[in-house]
Structures are given as structure tokens and as C-alpha cells.
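Spelled out from the first residue to the last, the chains are:
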Amino acid sequence: MDDIDRGVADTFPKLVRGNAQRFPEKVAIREKDYGIWQSYTWRDYHERGRRIALGLASLGFARGDKAAIIGDNRPELYWAVLAVQALGGVPVPLYQDSIEKELAYIVDHAEVRFAIAEDQEQVDKLLHVQAQCPGLEQIVYDDARGMRSYSEPCLMSLAELEERGEKFALGHPTYFDDELAKGQADDTAIICYTSGTTGAPKGAMLSYRNLIVTSRLASEREGLRADDEALAYLPMAWVGDNVLSYAQAIVTGFTINCPESAATVLHDLKEIGPSYFFAPPRIWENMLTNVMIRIEDAAWLKRRLVKFFLEVAQDLERARLSDRPLSAWRRLLYPLGHLLVYGPLRDNLGMRRIRIAYTAGEAIGSEIIVFFRALGINVKQLYGMTEASVFVAVQKDGDVRLDTVGTPMPRVEIKISEQGEVMFRTPGVFQGYFKNPEATQATLVDGWIRSGDAGFLDASGHLKIIDRANDVGRLAHGTLFAPKYLENKLKFSPYVKEAVCIGADRPFVAALVNIDLGAVGNWAERRNIAYTSYTDLSQKPEVYDLIEGEVGRVNQSLVEDEVLRGAQIRKFLILHKELDPDDEEITRTRKVRRGHIARKYAPLIEALYGDRDRADVEAQVTYEDGRTGTIRAGVRIQVVRSGDEAHR
Amino acid sequence: MSESGGEGPLLAVESVSVRFGALMALNRVSLDVRSGEILAIIGPNGAGKTTLLNVISGFYHPFEGRIVFAGRDRTRLAPPDVAALGVARTFQNVALFKGMSVLDNIMTGRLLKMRGSFLLDAIWWGPARRQELEHRAVVERIIDFLEIQAIRKTPAGRLPYGLQKRVELARALAAEPTLLLLDEPMAGMNVEEKEDMCRFILDANDELGTTIALIEHDMGVVMDISDRVVVLDYGQKIADGRPDQVRKDEAVLGAYLGLSHD
């Protein structure tokens, strides 16, 4: 912090220059390209950032200009972020799978002048967007593939831009250093648009001070080092990637690794074996599902062996997490299990070297955490928000509990409002939403951020989150109803990909379920159940029975809970299509948008509370290019026994 | 319509006939494939399309007529010699080595370009090693080009059909052909796979400069991506021209609407 106030290392371009001087040959970014991991050092990071910056300067980039960054995690795009910041501009990273409508909104709202795009796919979208947003002057693309026949004057390849930069430098030898020196700690470093579960996206402005101080404190408390390795695979538009793969990597000096393509992430993870790993619950769920599928496919003996040892490890881990005494017999077995199962499995997941792994963004089923921790992978919950530069609370090493998100980070204060809402004050508290003072006022109260989450601090100072404050409700007979709590329990099943529970002011809880095509498809194949498509598979009676079993399991786990006993799921249906961010049913970070779903599937929800066992549905789907189509289907409704009955 | 750039066509088929016993599979068919174009060969089932492709790639030899490739008569060459001239192809029914990885399958596309001695290859030393790395680099570029990084190490037989087709295209491209023959590259694909394949074919044509002759049944695809269309029916050429011309041609409509057979 002292450095920051002395104006020395108060922006990322200055920090990168420092890294390039201190350890020029140390690898900063790796990218798998043409099947080989290509390395770029901190000197490259600085140098490429400089060239891109000078190229942009030659095009008339001015301080305060906004530049959109869009594409998969590529070193070139991280350099572009750095370049924009070096010129005193503000990068606005965009989700690479956004449809044109969403892009147009942000490009327009953020007053974007320049865009740096990964490839033809993104350029095509931006060119369409440009028709509605004439403020977008120049589009720079990295991958020239398929771009030969484009003649739009606003297009330029990154290679050409860098060449222009070199030429510009000849005439302006001190330009870059001068601009870099002008940057200050309280300048806006980035605008991250949060998709939000309601309304239009809001652009959270984070300053260099926010990001640098937060990153440094987090690295110190968590013990991150310059020799750590991380995988940069989450969308660059998400604040999490900006803080972990960019801010924290620069501040701490560790290496990030960009996967070859979105489809190879799990494979690349195995090759890199990161020591620092960050994943939202759905990725953990996904990995768990993959493991489960492979276990089910294994030969009988292997399957029994793996299941037995996983059971042993999970029992131990559960005991450890709840401070119960550990069974001596299981402790004896653990080393053998490590040799036979846990070690190989960890290696196979690419998690052998993990020192710190986070799950954040959504609540996670405790069973999922137990599974990975039992294998010896240090998965911890992190509670954060875009508006707080991510880090608010993290479970400390050795102080991990299943039902909390940990203790506050250094210099973070947490309080609970009278309405039970979690509020916090941190060094990372944002500067406000870009051009949206009303929203800023609603979120930022006297320097405190209103999280919108219902929760409390327990006796030992751990923060416990119950649900979104607005989502917690009561059933018609008064039982507390916390939808996400139930949904997460459902989602622990490898067969359930997504679930939406309904129950506020209703007589009972009902659920809309999305099956996991991979796991259920595999299950169906093993039973010789033929199916043609997701829709077809989802409506098979066998699949309904399978899911009924899973719902029953959730109900049974609720029987012992005094408070939530009455909130068991009594009816469910399996949706005929997957919830999709293109259809605005979930956000790009896969948070359920309840309001939209309630409106869109109103007939289905009414049917759940009616007497019929079928309902017809007609739903609009939006393709990635913005076209829409309609799906019609009949959906079955199934009643579930309550856990109490099953108990008897 | 018959004006051909400055030079002659890349491939000229000159009144070629092929007969199987009493059946005239091709009857005095003549057509040109011009350098840099995408030519579609269409026609009802049994019209002789695959036979034509087989004649060009040397599997069959014509009973009469001539085939001129890049200005040289090569009517009677065997398939490997045709391949060595720079003609690669894919097959109507996927013909991959099912047990081999995608990478190895594509590497076989480089076989004709490999010069090695058995001994050096066996100990993977010196020129043999350098050579393999060079070929691997070419193959990796094609893997990147066709976006199949994720299945590099997967045995080809375990892939879904659409991806197998793409791997087959990769193997053909690995030979860095001047002329690429595709036999129904989109048969049995869903809409999305077809769109992908179209893009790859256009990109190969545009970025790699490969001349392409393809057989395809999906008229939408044919009309979208080809520069020129040749229509065969009963072993005879009944039309040859730009997609919009062929679409209106009486004889073509007749053949397709079943006036002549079916």
C-alpha cells in the first residue's frame, strides 16, 4: 500500500514493467497453441503490451477511452488489457458467448471506441453491433483466420497494429513511458459488466487501488507465491478472471496458463497441474459427474474398490470438518486408499499439485466439497462480489467448514443489516456503476456494499450465507423456503444439471429440473434406453423415475432438519430444454434468473400446482446469432413421496 | 461460361467413359476444374458422381477419353501416383483407421511426403526425427484449422460421425493437396455440423488456396458454397454452370423432379 501511495507501483502497467525488470525471463503466460505450450515471459508481457499500446496510440486512442476486449483467454487479450490501461484507457471485457443484442447494449452504454477481438466470430458480431453503435470506430482482431475477404476499413489485425506501434514509437520515443507515468492509483482500471439476475447489465468500475490492494492482501493471507501456476480459463469478462488471472498474477508474479480451446480445459488442466485453481460450483459439479460416470463404467471389482475407499475418505473428511473424532480403522486405511485411489484420481483430475482451490460465485453442495477435500484437494469456499473486487471472505486453511463461506479477509468489515442482509466494507469497494448513479446509490450506502444476500456471522466469526435476500420466502403454511438451498441439494446428483424450486406462498415446494445430458445419456445407454435428443431423453418415464429417486434423497435429508422439514419437494417436472443464457434463463455465470423463469414457464408452474400429470409448453429459443425459434413439447409431471413417508 | 482464366484448367476431364460390363457408368463426360474454385458435382443416385471421382483419383481407368492434370496427360496413373501429384480425397463412407488416434490418422496424410529409411525411423534419430517434427507441425496447423484440438488423442473409431468426417478432411488436407476431392462431405450430418463443414471447406479454399471438387446432395449447401455446378444424370453431363443458372435449367429440374426416372 505504501508503494501505491508513493505512486510507484500504483497501476498494472507499472507493476508489469517492474516484473519485467525484476525477473525478465520468468514465464508470465503460457498458451497451448499447435499442441505445444508456448511460453511468454514478463519481458514479453511488457513488450507486447507496449507495442499494442503504441499501435492504439497511432490510431488516436486518448486517455479515458473505453476499449472492449472479447474472446477466449488468450495472452494477446491480456496484453491488450494492459495496453489499454497503459494509455490511461479503460478496458471493458465482454463475454465471448454474448449475443449481439447484449454486446450492443454494453458497447453503447460504455461508450466503447475501440474493440480488440480474438477472431472472426467476434469480429462478425462486432461489425453487426457497429451498425447500431457508430461510436465503435476500430476493431482489432488477433486471429486472422477467415478474415481475408473482409474489406471494412475499421478492421485491422493485431500484427498490423503492433507494426504501426513500432513505427509510431520512432516518432514518439517517450510517448509510452510518459503515458504510463500518468496513471494513478485511483484511476478506473476496468469496467466489469455484471449480467445480474434482473434487469440490464451494470458496469462496475474498479480502480487500480481496489484491485491491487485486494489482490495483495489476498495473496498474503492465502500464501500465494511467484512460483504458483494457475489456469486462466474462465471468461475474461468475469471479474473473477480479471482479479485472479490478471491482477493477482501481476501483483504476485505467478504464471497463468491459457488452455488450447474451451473444449480442452480439463485435459489442459491435467497437463499443467496448477497449484492455484479457481472454479465456480458448476465446474466442480461437472468434474464430479465425470468421475462418477467413469466409476459406473468401470469393471465390477474396480468399481467396488473405488467406492469403498471414497467412502472411507469422505467419512474421515466429514469427521474432520465437524471436529468429530476420527475412526482409527479408517485412518489406517487412508494411506492405502491414497496409494490405490485418491492419488491416481487426483493426478487424473490435474489436481495433484493444488495448494489452494476456490469455489465461488454460487453456493455449492457440501457433498461436492467433501468429495474433493477427501481426495486431499484443498478446496475452500470464497465469498465475493464484483463490486468488492471479489475477495470478501475466504475459508482459512485448517478452518474450513461446510456450512460457512469462511472468515472476512484482512481489512474487510462485515455487518448484518436489520433486515438480515449481509453488508461489507473492503479496500476493494468499487467506484460505482458507470453512468448509473441510482444503482450505485442502491448498492453503496456510506461506503458499505449491500450484498443482496441473506446471512449471518456465527459465534466464531464465520460468515454464513442462506440465500439471496429476495429469494428467501415462506410456503403458504409458513415454513421457511430457501430455494437455492434445495436446488444445490438436488444438483449434487450427477444426473441433475440445474434445478429451479418454486414455493413462495404456495402450498408445497415444486421443482423444475434440467437433467445432465452426459450423465443421464450414459445411464440410459447402459440400460439400453434409446433416445434421439435432449427433449426426448428428458421425457422418458425411466428418467423421471431416476430423478424421482434423487428428489426423494433430498427430501430424506430434509426430514432431520427442524426448520426445513416442511419444505420438501412434492412434485417435479423435467424441462424439455436446457436452461440457457441466450434465452435469458440463467446468467452467463450460470445463476438462475428466477423472475424470468417464473414468467416464461408460468403455465408449467401452474400445472405443477394443478391436478394434471402433463402440461404442454411452447418456448422461444434464441440462437447465438440472435435468431429465434420455437420449441413445442409435452412435459410430464411427477409426484414424489415425502421423506417422512419413506422414513417409515 | 467456358472462359478459363489466363492458364488452362487445373484438371480437364475430356469425354471420359467408364463402363462396368454392359452398364455405361460415365458416358463421354467432359468437365474442367479451374484453379482456386469450388466445383460441385450433383445428380440423382446412380448418376455416376462417385465413379467420376474415382476416375479422377485413379481408382478406375476410363474406357475412353483423357484426363489432363496441370497440363499433363495422366489418364492411366494408379491412385498413389495421382496422390503424389497433389490430389487428395475423402470417401463417402468414412475410411479412417478406427483404432488409431486422430493425430496418427492425420499423420498418415503426410506419408507420401515422408522420405525416410526404415533404420533411422526405427531409432528415431537425426533426419528421421527432424522430419517427424516438421510433419507434426504441419498436422498441428491443420488440427488448429479444423478446430479438433480436443480430440487429438482420441481413437478415431470412438468419435461421432460428424467429427470422423472432419478428421477425414483433416487427413486429406494434411497432404497439402492442390486439388481436393470430397465425396459427400456432409452426408448424415445435422444442421450445425453441416454449417461447420461448410465453413471449413470455404476456409480451406480461401486460406489454403485449395481447389475443391465435391459431391453433395444437400442443394442448399451446394448453392451456397460452390462457384460452379456440374450436373450428371445417367452417366451424362446435363448441365454445367453457375449455381443460379443450374438451378433454373430445364434438364436439371427434370432429372431432380423425377421426370426421367424414380
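Cut-off values and rules
Residues numbered from 1 in each chain as written. Chains lettered and ligands numbered in written order. Predicted model: local features only at pLDDT ≥ 70, side-chain atom pairs only at ≥ 80, totals over all residues. Pairing = 2+ DSSP bridges. Helix = DSSP H or I, 4+ residues; strand = E, 2+ residues; numbered from the N terminus. Core = buried A, V, L, I, M, F, W, Y, C linked by C-beta atoms within 7 Å. Buried ≥ 20, exposed ≤ 12 C-beta atoms within 10 Å, placed from the backbone. Contact = placed C-beta atoms within 7 Å. Nonpolar A, V, L, I, M, F, W, Y, C, P; charged D, E, K, R; others polar. Axes fitted to C-alpha atoms, helices over the stretch in contact; angles between N-to-C directions. Parallel < 35°, antiparallel > 145°, perpendicular 65-115°, else oblique. Left-handed = near helix turned anticlockwise from the far one by under 90°.

(A) Fine view of the sheet that holds strand β2 (residues 23-33) of chain B. The strand order across the open sheet formed by four strands is β2-β1-β4-β5 (chain B), and the pairing between neighbours is antiparallel. Either end of the sheet is taken by a strand with one partner, and the two such strands are β2 and β5 (72-73) of chain B.

(B) Structural context of the nonpolar core. In terms of nonpolar packing, the biggest core is built from 146 residues, with I69(A), A83(A), V92(A), A115(A) and I191(A) touching the most fellow members. At nine residues, the largest contribution of residues to this core is made by helix α4 (residues 75-86) of chain A. Residue contacts for I191(A): discarding those within four places in its chain leaves V90(A), V92(A), A110(A), G203(A), A204(A), M205(A) and F434(A). Listed in part, the 70 residues of the second largest apolar core include V13(B), I38(B), A40(B) and V252(B).

(C) Expanded view of the pairing of strand β21 (residues 448-457) of chain A. Residues and elements named next belong to chain A. As paired elements, strand β18 (residues 421-425) and β21 share three bridges and run antiparallel to each other. In the sheet register, F424 faces β21, and the bridge partner there is I449. Taken together, the two bridges between strand β20 (residues 444-445) and β21 define a ladder with antiparallel strand orientation. Bridge assignment links L444 to a residue of β21, and that residue is I449. Counted along the chain from β20 to the antiparallel partner β21, the turn is two residues long, and its residue D446 has a positive phi close to 50 degrees. For β21 and strand β22 (residues 463-468), the ladder comprises five bridges, and the chain directions are antiparallel. Across the sheet, A454 pairs through a bridge with D467, a residue of β22. Connecting β21 to the next strand, β22, in antiparallel fashion are five residues, including G461 with a positive phi near 85 degrees.

(D) Molecular detail of the interface of chain A and chain B. The interface of chain A with chain B comprises 10 residues on the first partner and 12 residues on the second. Residues of the side of chain A that touches chain B, tallied by class, amount to two nonpolar, five polar and three charged.

(E) Highlighting the packing of helix α17 (residues 483-491) of chain A against helix α20 (residues 541-559) of chain A. All names here are of chain A. One way to put it is that α17 packs onto α20 with a least axis distance of 9 Å and a crossing angle of 130 degrees. Regarding the angle of α17 to α20, the classification is oblique. Here the hand of the crossing between α17 and α20 comes out right-handed. Judged by residue contacts, L486, K489 and L490 of α17 engage E550, V551, V554 and S557 from α20. Class assignment for the residues of the contact of α17 with α20 results in four nonpolar, one polar and two charged.

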